[in-house]
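These are the residues of each chain, in order.
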Amino acid sequence: MSKRVLMKGNEVIGQAAIEAGCKLFFGYPITPSTEIIEYLSKYLPKAGGTVLQAEDEIGAINMCYGAACTGTRVMTASSSPGMSLKQEGISYCAAAELPVVLVNVNRTGPGLGGLGPAQSDYFQSTKGGGHGDYRLIVLAPSKSQELYDMTLEAFDLAEKYRNPVLLLTDGFLGQMMEPVELKEKPASPEVDKSWIVDGAKGRKKRIIASYSLTNEIGEANNLRWEAKYKDIKEKEQRWEEFYAEDADYLIVSYGTTGRISKSVVLNARKKGIKLGLIRPISLWPFPEKAFIPYKDKVKGIVTVELNTGQMIEDVKLAVECKVPVHLYRRQGGMLPTEDEILANVEKVFNLASEEV
Amino acid sequence: MMDKIVLAGFGGQGVMFMGKIFAVSGMVSDLEVCWIPSYGPEMRGGTANCFVLLSDEEIHSPVIDKADGGIVLNQPSYDKFLDRIKTGGVLVVNTSIVELNETRDDITIIKVQAIEAANELGNPTIANMVCLGALLPHLKLTDYNKVEKAIQEVVGAKRPELLEINLAAIKKGIEITN
Amino acid sequence: MEKVFGRPKGLTEVPFSFCPGCTHGIIMRLIGEVLEELDIIEDTIGVSPVGCAGFSQDFFTCDFVGGPHGRAQAIGTGIKRALPDKIVFTYQGDGDIAGIGTQHAIHTAARGERITSIMVNNAIYGMTGGQMAPTTLAGMKTSTSPHGRDLVINGHPIDLPKTIATLDGAVYVASVSADSPKNIIQAKKAIKKAFQVQQAGLGFSFVSVLSTCPTNWGLSPQDSLQWLRDNMMPVYKLGELKVTEEVKNL
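As the structure is a computational prediction, the values presented were derived from the model and not from experiment.

Procedures and definitions
- Residues numbered from 1 in each chain as written.
- Chains lettered and ligands numbered in written order.
- Predicted model: local features only at pLDDT ≥ 70, side-chain atom pairs only at ≥ 80, totals over all residues.
- Heavy atoms only, no water.
- Helix = DSSP H or I, 4+ residues; strand = E, 2+ residues; numbered from the N terminus.
- Expected span 1.5 Å × (residues − 1).
- Buried < 20%, exposed > 50% of the residue type's maximum accessible area, 1.4 Å probe, protein only.
- Salt bridge = Lys/Arg side-chain N within 4 Å of Asp/Glu carboxyl O.
- Contact = heavy atoms within 4.5 Å.
- Polar contact = N/O pair within 3.5 Å; in protein donor to acceptor, adjacent residues only side chain to side chain.
- Nonpolar A, V, L, I, M, F, W, Y, C, P; charged D, E, K, R; others polar.
- Pairing = 2+ DSSP bridges.

**Re helix α1 (residues 15–28) of chain B**
Residues and elements named next belong to chain B.
Here's step 1: Given a rise of 1.5 Å per residue, 14 residues ought to cover 20 Å, and the 20 Å separating the end C-alpha atoms of α1 matches this to within 8%.
Here's step 2: With 10 of 14 residues buried, α1 is to be regarded as a mostly interior element.
Here's step 3: Where α1 is concerned, the buried positions are Val15, Met18, Gly19, Ile21, Phe22, Ala23, Val24, Ser25, Gly26 and Met27.

In structure tokens:
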């Protein structure tokens, strides 16, 4: 049974977490993510779970660490400055290979920044925001339905790979209300739980920790994680193509700007400009495969981002610099309109003359 | 087809409520809907605003540069959003407390003495609904019947006693605009 | 022949790796005995910190989790909330719990989290080689207070159990010492009671154990014990600092 309801993006994430069988949520309020902890405080207990407002973000992520060690589905959510505080714990979760689901409702920065939407945490999210060489699986929804579907999936992915999964959204998606179909979650695949700690009853004791006593052990661990990341990179690249097949030019954009860019593409097509869109859905692994058919074909690419140009680096690598890649960006909480993006695309590729 | 609506006023004037009614009117008629409230410090005193998009196809860009229609309930909102109505669009102004110090002749400005109208109906808190009614005939995708359903869904369950007065206010607004 | 002394079942066969004269081993043994006596080895999950106390994960026969420096109590909270019927304890040094992890120490106690924390206080950072700790005494020389802890520059040492005792969620708080047979017997009683408090679900229980660090103090094991008595005991008063009525009735 599913029903179409009007919900705030942050609340959609909360509802999806409940549907996914999340039993524990540890968090600390911060705008514009707070509705997640508020919603779960109200409804998670009714589903047999617990919400604990921690002393701070550091406490919250480490509580997640502890709960995940027991094989319990657990989540935390925050916004950019709070995510900075969590990075230490996230690094430890990655090292201990714990299936924790993280949500970052990206606001602006650096510093305290503002509450508006931003994509300024792209590097932090995709390159390992804490110390050490690790990767999170990062999913970037662009509308409420995806907030729901990807939250559901995040729990399965986290367990499948025993790796933290980050849902990277922004203040706009978090606050906006859109219809969403609250689908029932299909049964999760059986996962191996022979690693959890729940008391050494009738078995040998287990230790979940990440200290490497020798460099040899350290390297073995790094190689094991590297192999896992390679596997994820091979299997979990996700993206959406929109009018890309015959495109002369491509926009690459995710999340809020990804959906705005669809309007840009439609407007361009009306003007006779063969513009298409690649919208990365997994930001790590970055969907390099999406660019294979286009890197020898398209005349140019514009990335549209809410930062000083972060994802553009991954796009340049993906096209092996065979295609000129430009950046159009807004910052500080500002969103671009479809008209200004199209004007920029026309300008950088000198397209005014191509109009029909 | 799409209606892009901007709504603004003092916190407490029912700006978010108007947004909700428009959004739900879209929900009950199976339209695509985006309701974008202001949040954070904007909500703490001063002027609140929200945007609503109604569409009969998928909404890609939810960003409203220029709106088709708007309602402004106080002076700061008028000053701020007068320029955000597209040429040919409609702006409903609560002239009970807003002075049209600047104006535009490429849009339709509907002046509504909303507080007086609400007082005549016996409830000063429904000035927002009078304005909502005044905008309604200028929208493409929603109408009185859809809004009535929305009000029944939003108000009806919790405060049935307020149902009639809200509907009366909307009808009054429609009369004013016609 | 009857065996009258051996390893408690709560400890593994792994030999302690601590420096000669360090009292960590004594304190761990006490916990190992308590786990066995209360028959909770298979129901217990320990949380280790970073520092010398971090080795604890190898020495106990129960499940163990190790995390970041100072975060053991937050991790313990997560485990306990997931498995409320299990016994959860943290084993932390003074730098871990009273320095980098103070916020968790305060809030775990304030919440009355149903876990047990054991703090081993040797007034110094041992693992990193003898730096000043939040518990370092006034005038005490360490590698980061080479002229002695200057209260004007570095402030005063923290008596954590005294602070924790002021919080409503903490129902049993004891300050004990591992320096002498008599005090070791007292220490074991306090540790045992702390676990019993958790078994009864009464609230947060906390035991601070004064300990030596001969290596970083630059003293012989014997002299270290005397130094502890002469210098630490006057500052960190021993005794049961808080025993609520419910705990008394246990």
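**Comments concerning the pattern of salt bridges**
All names here are of chain C.
Here's step 1: Applying the stated criterion to the full structure yields 50 salt bridges over all chains.
Here's step 2: Between Lys192 and Glu37 there is a salt bridge, with the nearest N and O atoms lying 2.8 Å from each other. On the criterion of sequence distance, the pair formed by Lys192 in helix α8 (residues 181–199) and Glu37 in helix α1 (residues 24–37) is long-range, its members being 155 residues apart.
Here's step 3: Classification of Glu37 by relative accessible area gives partly exposed; the value is 41%.

**A word on the interface of chain A and chain C**
One widely used convention gives an interface's size as the accessible area the parts lose upon coming together.
Here's step 1: With 32 residues of chain A at the interface, the matching set in chain C holds 33 residues.
Here's step 2: Here chain A is connected to chain C by four salt bridges.
Here's step 3: The shortest N-O distance in the salt bridge between Glu55 of chain A and Arg111 of chain C comes to 2.8 Å.
Here's step 4: Summed over the shared surface of chain A and chain C, the result is 17 residue pairs in polar contact (both at pLDDT 80 or more).
Here's step 5: Of all the elements in the fold, those that place two or more residues in the side of chain A that touches chain C are β2 (24–27), β3 (50–53), α3 (57–69), α4 (80–95) and β9 (207–208) of chain A.
Here's step 6: For the side of chain A that touches chain C, the residue count by class is 15 nonpolar, eight polar and nine charged.
Here's step 7: The pairing of β9 of chain A with strand β2 (residues 63–66) of chain C spans two bridges and is classified as parallel. Each bridged residue has a counterpart across the sheet, and for Ile207 of chain A the counterpart in β2 of chain C is Phe64 of chain C.

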